Amino acid sequence: MAGLLQALVGASEKAAHIARLCRREEPLFQLLVAEKTGADRNRRFLQDFKTLADVLIQEVIKHDLGKEFPELQGHIHGEESNEFRNGQGETVAVRVCATPGDTAALLLSVLEPERAAAELLAAAVHQDVALGDAELASVALSIPTQDLAIWIDPIDSTNEYIGGREDVAPVDGIAPAGLCSALVLIGAYDRRTGCPVLGVINEPFFHRDPLTHRWQGRYHWGVAYGDMRLCSLSPPPLRPTPCVVLSRAERGAVRAALGPLCGDRLRFAAGAGYKMLCVILGLADAYVLSEGSTFAWDACAPHAILRALGGGMVALAGALRARQAGDTGPPPELVYNCLAEGAVGAERWANRGGLVAYAYPQHLEAVLAAL
């Protein structure tokens, strides 16, 4: 249904607005600043404010999508638990209430005595979003929503969001760190196969208006369902020498193995979602991660967009094992409906063994051969 894609984009826009609001409005910004002060952080809150911002965005997306598509209720998953303990030791489940006043009262029970902050957040939660995107409105889809489930990463790269650095110079278009790497990720996958089919990436902090000094965002979407491939972007150019983006914490052995393939085209950046976005935008040709430190909510939305563009995302360890066993077929893509065996908590949804996000199969093959 085309309405689902539009709803995902609309939910991402509301989420981006809340993320910007927390940095723009003084009562909210002061709570964010408190998270950066180490031992001097605000001790009134048993849980930090950045987690509340994450949770609130997640619950807004779940509420808005579940209200419009009741068949998705119970199948919209996120990174965060929505339960907090307030200063009185009471457990508060963060949710969207019937009215802005009710939502403000619930948030105040967590944020007491920050009434202005609670009211600002509640107003944003209940604000309607108008997209005005003619291209998106013209998309015609026939995807049965009852077959789908959703993964949400409300603010990917939270540490960069809290740090708020705006002065990080990009290297060939890739920012090594900073506020621009904080993203909202919403992906839909097939409940039966686990294959990602719809993805939306929202960049809340894409550009600061030089006149108003307010941040402006942008979004990207992709559809990969059956034989259908639709995307708000065009496929990136195929370069003969791939550029690979890594985490700065990536192992030296991986860097050394990729060096001969990439030459001087190894790049580094913060945030898993941002590095995947770099591949989607053609700023890099592949993102390699050798550790199982990303999760279903990080990868689902970017993976769907990569598939829409002709690329994809594979489990690195599994792909290397298949090569060593002489399997010449394409390595299996990541799926989003399977729990990691023997794991508990968030680790149940970890992308164990690392991953490779790629724009072209040729680049995937070159990376796997190098590793």
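Here the structure is a predicted model, which is why all the values come from computation and not from measurement.

Take the nonpolar core next. In this structure, Leu5, Ile61, Ile150, Tyr161, Leu198 and Trp221 are the most contacted members of the largest nonpolar core, which totals 62 residues. If one sorts the elements of this core by residue count, helix α1 (residues 2–24) sits on top with 11 residues. Once you skip the residues sitting within four places of it in the chain, Ile61 turns out to touch Ala11, Ala15, Ile152, Val184 and Ile186. Counting residues in hydrophobic clusters, the runner-up holds 41 residues, among them Tyr189, Ala269, Ala272 and Ile305.

Turning next to unusual backbone geometry. Between Glu112 and the following residue, Pro113, the backbone shows a cis peptide bond with an omega angle of 10°. Looking at the secondary structure, you find Pro113 in the loop between α4 (100–111) and α5 (115–125). Here Ser157, not a glycine, exhibits a phi torsion of approximately 70°, which is positive. Looking at where Ser157 falls in the secondary structure, it is placed in the loop between β4 (148–156) and α7 (158–163).

Attention now goes to the UniProt feature "binding site: Mg(2+)" (unreviewed entry) in the chain. Within this numbering scheme, the UniProt entry marks Glu79, Asp153, Ile155, Asp156 and Asp298 as carrying the feature "binding site: Mg(2+)" (unreviewed entry). Considering the C-alpha atoms alone, the annotated residues occupy 220 residues of sequence yet fold into one spot, their largest mutual distance being 9.8 Å. Here Glu79 shows up in the loop between β1 (76–78) and β2 (83–85). Residue contacts for Glu79: discarding those within four places in its chain leaves Gln58, Ile152, Asp153, Pro154 and Trp297. Examined against the element boundaries, Asp298 turns out to sit in helix α10 (residues 296–308). If near-sequence neighbours (up to four positions away) are discounted, Asp298 is found in contact with Asp153, Asp156, Leu185 and Met276. Within the structure, Asp298 has its side chain in polar contact with the backbone nitrogen of Phe295 (distance 2.8 Å).

What follows is about the packing of helix α8 (residues 252–262) against helix α12 (residues 361–370). The N-to-C vectors of α8 and α12 enclose an angle of 130°; their axes lie 9 Å apart at closest approach. Viewed along their axes, α8 and α12 adopt a mutual orientation that is oblique. For the pair α8 and α12, the crossing hand works out as right-handed. Note on element contacts: α12 touches α8 through Ala366, Val367 and Ala370, opposite Ala257, Leu258 and Leu261. Its residues assigned to classes, the contact of α8 with α12 comprises six nonpolar, no polar and no charged.

The side-chain alternation of strand β11 (residues 286–289) yields two buried faces, one formed by Ala286 and Val288 and the other by Tyr287 and Leu289. Taken together, the two bridges between strand β9 (residues 244–246) and β11 define a ladder with parallel strand orientation. By the bridge assignment, Val244 is partnered in β11 with Ala286. In this sheet, strand β13 (residues 355–358) lies alongside β11 in antiparallel orientation, the contact comprising four bridges. The partner of Ala286 across the bridge, within β13, is Tyr358.

Looking now at the packing of α4 against α5. Here α4 crosses α5 at 140°, and the two axes come no closer than 8 Å. Here α5 runs oblique to α4, going by the angle between their axes. When the axes of α4 and α5 are compared, the crossing they make is right-handed. In this structure, α4 uses Pro100, Thr103, Ala104, Leu107, Leu108 and Leu111 to contact α5, whose residues at the interface are Arg115, Ala117, Ala118, Glu119, Leu121, Ala122 and Val125. Here the residues of the contact of α4 with α5 are counted per class, giving 10 nonpolar, one polar and two charged.

Before going further, it helps to spend a moment on the packing of aromatic side chains. All told, the structure shown has five aromatic pairs when counted by the stated rule. Ring centres of Trp151 and Trp349 lie 5.0 Å apart, and the angle between their planes is 70°; this geometry places the pair in the edge-to-face category. Of this pair, Trp151 sits in strand β4 while Trp349 sits in the loop between α11 (316–324) and β13, and the two are 198 residues apart along the sequence. The same class applies to Trp151 as to Trp349, namely buried. Aromatic pair Phe295 and Trp297: ring centres 4.9 Å apart, planes at 10°, arrangement stacked. Here Phe295 falls in the buried class, since its relative accessible area comes to 14%.

Moving on, we get to the pattern of salt bridges. Going through the model one piece at a time under the given rule, you end up with 10 salt bridges. Of the charged contacts in the structure, one is a salt bridge between Arg165 and Asp167, with a shortest N-O distance of 3.3 Å. Owing to a relative accessible area of 47%, Arg165 belongs among the partly exposed residues under this scheme. For Asp167, a relative accessible area of 61% puts it in the exposed group. One salt bridge connects Arg239 with Asp285, and the closest N-O pair in it is separated by 3.2 Å. With Arg239 in the loop between β8 (228–231) and β9 and Asp285 in the loop between α9 (272–280) and β11, the pair connects residues that are 46 residues apart, well separated along the chain. Given the relative accessible area of 23%, Arg239 is considered partly exposed.

Calculation criteria
- Residues numbered from 1 in each chain as written.
- Predicted model: local features only at pLDDT ≥ 70, side-chain atom pairs only at ≥ 80, totals over all residues.
- Heavy atoms only, no water.
- Core = buried A, V, L, I, M, F, W, Y, C linked by side-chain atoms within 4.5 Å.
- Buried < 20%, exposed > 50% of the residue type's maximum accessible area, 1.4 Å probe, protein only.
- Helix = DSSP H or I, 4+ residues; strand = E, 2+ residues; numbered from the N terminus.
- Contact = heavy atoms within 4.5 Å.
- UniProt positions renumbered as here; feature names shortened; annotations may be inferred.
- Polar contact = N/O pair within 3.5 Å; in protein donor to acceptor, adjacent residues only side chain to side chain.
- Axes fitted to C-alpha atoms, helices over the stretch in contact; angles between N-to-C directions.
- Parallel < 35°, antiparallel > 145°, perpendicular 65-115°, else oblique.
- Left-handed = near helix turned anticlockwise from the far one by under 90°.
- Nonpolar A, V, L, I, M, F, W, Y, C, P; charged D, E, K, R; others polar.
- Pairing = 2+ DSSP bridges.
- Phe/Tyr/Trp six-rings, centres within 6.5 Å; stacked < 30°, edge-to-face > 60°.
- Salt bridge = Lys/Arg side-chain N within 4 Å of Asp/Glu carboxyl O.

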